[in-house]
Amino acid sequence: MEESTRLDLSTPHCEVRRHGPVVTVEMRRPEARNALSTDMLVGMADAFAYIGAEPGVRVGVLTGADGVFCAGADLKGMGRPSQDARVNARAAGIADFHWKGLLRQDRPPKPLVSAVEGPAVAGGTELVVGTDVRIAAEGAVFGLYEARRGLFPMGGCAVRVPRQIPYARAMEMLLTGRSYTAREAADIGLVTRVVPDGTALEEALRTAREIAACGPLAVQAILRVHRETEGLPEHEALKVSDAAGWEVLSSQDAREGARAFTERREPRFTGE
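The shown structure was predicted, so the numbers you read here are calculated from the model rather than taken from an experiment. (Residues numbered from 1 in each chain as written. Predicted model: local features only at pLDDT ≥ 70, side-chain atom pairs only at ≥ 80, totals over all residues. Heavy atoms only, no water.)

## Regarding the overall build of the protein
Check the secondary structure of the protein and you find 12 helices and 10 strands. In terms of overall dimensions, the protein is globule-like: its C-alpha atoms have a radius of gyration of 19 Å, near the 19 Å expected for 272 residues. Expressed along its principal axes, the backbone C-alpha trace of the protein runs to roughly 55 × 45 × 35 Å. Every one of the 272 residues in the protein was classed for burial, and the buried ones make up 49%. Pairs at least 24 residues apart make up 65% of the contacts formed inside the protein by residues separated by at least 6 positions. About 13,300 Å² of surface is accessible on the protein, with carbon and sulfur atoms providing 54% of the total. (Helix = DSSP H or I, 4+ residues; strand = E, 2+ residues; numbered from the N terminus. Rg over C-alpha atoms; globule rule 2.2 N^0.38 Å. Buried < 20%, exposed > 50% of the residue type's maximum accessible area, 1.4 Å probe, protein only. Contact = heavy atoms within 4.5 Å. Areas by Shrake-Rupley, 256 points an atom, 1.4 Å probe, with all protein chains shown as cover.)

So this is what it looks like as structure tokens:
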């Protein structure tokens, strides 16, 4: 793994580091179980925008500090300005930074991998649902608790969860507000796989490196087609898929992939 560099996008509650083509976004508010705050959401919104816009970045990894992913929204903290004037200035310049940080809108066009240790509940589960590959430690806990508290999952899970897992399972999760172990979450398809405690980030980084080694045009096209065709009839969806596919197949990366296969070497993709 390349030596990491801390990016200026970091805030007091969000550490953003670059490891070559991979960027890690770590929620760092352990005294509050990494509950969402203005500092955290501003840092995350900026980090996700950077992942999407920076040509050399191919994958993002989202995780939490000190064995906790995220315990959801801090309703007071999210509405309170930061004690850091620089963060407040950044917040003023990002439209809807709460929704962008929560991955409700403007998700990056590149894959995000989540590495979950400990609680990932309420807003924490909503963040996980906004990612594309999800690695959970044995001790991870998931749940959309909002209905139990008379609230509503504003991060998009009322829409996304029934689209991602079987309907009856989704409704049980949303309507009962109960907790799910990592194994239960894997069984219903909410997470990709379960690993031993303390190894979720290591496994997420390994997966991110595997994705980063693939052709970036192909990876981003696959992700884009999925997002753009949700809910479309198959014949309409295939038109979108074909347009993206022919664009990828006519790229220099596609030719490089074929050459590398013939020459029995690793491809050197450039994103062109």
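## Notes on helix H1 (residues 38-53)
The end-to-end C-alpha distance of H1, which contains 16 residues, comes to 22 Å, matching closely the 22 Å that a straight helix rising 1.5 Å per residue would cover. Buried residues dominate H1, accounting for 12 of its 16 residues. Residues of H1 that are buried: Thr 38, Asp 39, Met 40, Leu 41, Val 42, Gly 43, Met 44, Ala 45, Asp 46, Ala 47, Phe 48 and Ile 51. (Expected span 1.5 Å × (residues − 1).)

## Observations concerning the environment of Gly 155
In this structure, Gly 155 sits in the loop between strand S8 (141-143) and helix H6 (157-164). It is 10.0 Å that separates the C-alpha atoms of Gly 155 and Gly 101, two residues lying 54 residues apart in sequence.

## Some points on the packing of helix H10 (residues 216-229) against helix H11 (residues 234-249)
Look at H10 against H11: their axes get within 10 Å of each other, and the N-to-C directions meet at 170 degrees. For the element pair H10 / H11, the angle class is roughly antiparallel. The handedness of the crossing between H10 and H11 is right-handed. Across the interface between the two elements, Leu 217, Ala 218, Ala 221, Arg 224, Val 225, Glu 228 and Thr 229 of H10 pack against Ala 237, Val 240, Ser 241, Ala 244, Glu 247 and Val 248 of H11. (Axes fitted to C-alpha atoms, helices over the stretch in contact; angles between N-to-C directions. Parallel < 35°, antiparallel > 145°, perpendicular 65-115°, else oblique. Left-handed = near helix turned anticlockwise from the far one by under 90°.)

## Overview of the pattern of salt bridges
Using the criterion set out here, one finds 20 salt bridges in the structure. The salt bridge partner of Asp 74 is Arg 29, with a shortest N-O separation of 2.9 Å. Separated by 45 residues along the polypeptide, Asp 74 in the loop between strand S4 (59-64) and helix H2 (75-79) and Arg 29 in the loop between strand S3 (22-27) and H1 bring together distant segments of the chain. Bridged by salt links that share partners, the residues Arg 193, Glu 203, Arg 206 and Glu 210 form one connected network. (Salt bridge = Lys/Arg side-chain N within 4 Å of Asp/Glu carboxyl O.)

Interpretation in functional terms is not warranted from these geometric data alone.
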